[in-house]
Amino acid sequence: MDLTQNTEELRQSLLEEIYAGAASGLGAMLLDEEKIRQAGPEELADLARQHGIK
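Notes on the structure in this doc start here. Keep in mind it's a predicted model, so treat the numbers as computed, not measured.

Calculation rules
Residues numbered from 1 in each chain as written. Predicted model: local features only at pLDDT ≥ 70, side-chain atom pairs only at ≥ 80, totals over all residues. Heavy atoms only, no water. Helix = DSSP H or I, 4+ residues; strand = E, 2+ residues; numbered from the N terminus. Polar contact = N/O pair within 3.5 Å; in protein donor to acceptor, adjacent residues only side chain to side chain. Buried < 20%, exposed > 50% of the residue type's maximum accessible area, 1.4 Å probe, protein only. Arc of directions from axis to C-beta.

1. Details of the side chain of D32
By the secondary structure assignment, D32 is in the loop between helix 1 (3–23) and helix 2 (33–38). Only 3.1 Å separates the side chain of D32 from the side chain of H51, close enough to count as a polar contact.

Pasting the structure below:
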């Protein structure tokens, strides 16, 4: 796997996490959606740690 593929997989995991949180009643999680969509590899890794994914 290359870095681009890993980055996009991580981005997808984060988006799934925030959508699930929003669906369960934590609508504020959607505030991170745009950050996740625009984030580079390092920023995604930081966001993943904040969400407990990586």
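What follows picks up the thread again.
2. Describing helix 3 (residues 41–50)
Within an α-helix, residues lying three or four positions from one another point in the same direction, as the helix has 3.6 residues per turn. Every buried residue belonging to helix 3 is among L44, A45, L47 and A48, and all of these are buried. Within helix 3, the buried residues cover an arc of 165° as seen down the axis, which keeps them to one side. Exposed side of helix 3, more than 90 degrees from the buried face: E42 and Q50 are the residues found there. Following helix 3 by one or two positions, G52 has its phi on the positive side, about 75°.

It is worth stressing that arrangement in space is one thing and function is another; only the former is reported here.
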